[in-house]
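Examining the three-dimensional arrangement
Spelled out, the chains give:
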Amino acid sequence: MDYKESEAFPTQVKILIAGGFGVGKTTFVGAASEIEPLNTEELITAASVGVDSLNGIEGKSTTTVALDFGRITIEQHDIVLYLFGTPGQERFWFMWDELSAGALGAIVLADTRRLQDCFDAVDFFESRGIDFLVAVNEFDGAFRYEPEEVRLALELSPRVPIVMCDARDKRSATATLRSLIKHLLTAVPATSA
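Residues numbered from 1 in each chain as written. Predicted model: local features only at pLDDT ≥ 70, side-chain atom pairs only at ≥ 80, totals over all residues. Heavy atoms only, no water.

**Re the overall build of the chain**
A tally of regular secondary structure across the chain gives 5 helices and 7 strands. Scanning the chain from its N terminus toward the C terminus, one meets helices and strands in the order β-α-β-β-β-α-β-α-β-α-β-α. Burial status across the chain gives 45% buried among its 193 residues. Taking as baseline every contact in the chain between residues at least 6 positions apart, the subset at least 24 positions apart corresponds to 72%. Carbon and sulfur atoms make up 54% of the accessible area of the chain, which totals about 10,700 Å². (Helix = DSSP H or I, 4+ residues; strand = E, 2+ residues; numbered from the N terminus. Buried < 20%, exposed > 50% of the residue type's maximum accessible area, 1.4 Å probe, protein only. Contact = heavy atoms within 4.5 Å. Areas by Shrake-Rupley, 256 points an atom, 1.4 Å probe, with all protein chains shown as cover.)

**Things to note about the side chain of threonine 174**
Mapped onto the elements of the fold, threonine 174 is located in helix α5 (residues 170-187). Residue threonine 174 is classed as buried on the basis of its relative accessible area of 19%. The residues contacting threonine 174, other than those within four sequence positions of it, are Ala32 and Ile72.

**Digging into the packing of helix α1 (residues 25-32) against α5**
Each pair of packed helices can be described by the angle between their axes along with the distance between the axes. Look at α1 against α5: their axes get within 8 Å of each other, and the N-to-C directions meet at 95 degrees. With respect to α5, the element α1 is oriented roughly perpendicular. Residues Phe28, Ala31 and Ala32 of α1 form the contact with α5, whose participating residues are Lys170, Ala173, Thr174, Thr176 and Leu177. Here the residues of the contact of α1 with α5 sort into 5 nonpolar, 2 polar and 1 charged. (Axes fitted to C-alpha atoms, helices over the stretch in contact; angles between N-to-C directions. Parallel < 35°, antiparallel > 145°, perpendicular 65-115°, else oblique. Nonpolar A, V, L, I, M, F, W, Y, C, P; charged D, E, K, R; others polar.)

**Regarding the pattern of salt bridges**
Two side chains bearing opposite charge may form a pair once their charged atoms approach each other closely. The final tally for this structure, using the stated rule, is 9 salt bridges. For arginine 114, the salt bridge is made with aspartate 111, and the minimal N-O distance between the two is 3.2 Å. Just as arginine 114 is buried, aspartate 111 falls in that class too. For the salt bridge of arginine 159 with aspartate 131, the shortest nitrogen-to-oxygen distance reads 3.1 Å. One end of the pair, arginine 159, is in the loop between α4 (147-154) and β7 (162-165); the other, aspartate 131, is in the loop between α3 (119-128) and β6 (132-137), with 28 residues separating them in the sequence. Classification of arginine 159 by relative accessible area gives exposed; the value is 52%. According to the relative accessible area criterion, aspartate 131 is buried, its value standing at 18%. (Salt bridge = Lys/Arg side-chain N within 4 Å of Asp/Glu carboxyl O.)

**Digging into unusual backbone geometry**
Backbone geometry places aspartate 78, a non-glycine residue, at a positive phi of 55 degrees. Relative to the assigned elements, aspartate 78 resides in the loop between β3 (62-74) and β4 (79-85). The phi torsion at glutamate 155 lies on the positive side, around 55 degrees, for a residue other than glycine. Take glutamate 155: it is sitting in the loop between α4 and β7. Classification of glutamate 155 as exposed rests on a relative accessible area of 70%.

**A word on the nonpolar core**
In this structure, Leu16, Val108, Phe125, Phe132, Val134, Leu154 and Leu156 are the most contacted members of the largest nonpolar core, which totals 25 residues. Counting residues per element, the ones that place at least two in this core are β1 (11-19), α2 (94-100), β5 (105-110), α3, β6 and α4. The element that contributes the greatest number of residues to this core is α3, accounting for 4 residues. When near neighbours in sequence (up to four residues on either side) are disregarded, valine 108 contacts Ala18, Cys118, Ala121, Val122, Phe125, Phe132, Leu133, Val134 and Ala135. In terms of nonpolar packing, the next biggest core, distinct from the first, is built from 24 residues, Ile15, Ala32, Leu83 and Val163 among them. (Core = buried A, V, L, I, M, F, W, Y, C linked by side-chain atoms within 4.5 Å.)

Everything listed here is a matter of coordinates, which is why it stays silent on function.
Following this line, the structure appears as structure tokens:
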């Protein structure tokens, strides 16, 4: 079959889902993805004792050791989003540089019970000039904070959007992704638009 110029390929966009250990990155990618997500979850073993803190996430039994991968097609805009979930444990952060290559933007998931765990992800994207938003994953039983309270606690620029989400819920996850795309479109300099 011959290629015809009228048969354009969709715009492909790489998005990172980042944040601290146990914040819901794998769950978010799984909820949002239209395909069976690829994940590299492994059981937490005795080897992580003293290395990985389970404070606040005592029921967690698995961890991402490389990445999570999912895909979403937005047919009406001819866009395909490729979602890459980063590992949350510090000992796997060396992978973040590789995963961020070519990323258009990122979602930093935050857990208000352990807000300090997302500082490194915020610093990572700020230092590399990758636009991002913060999505507060509203865990059951966690105190609810207003977005501006989270902004102050994280010392975020007013231009960084903050949204509330439930990483388990497909509609909530896709709404968060829509918010990121809108943010990325408004962050594009007028000269390149």
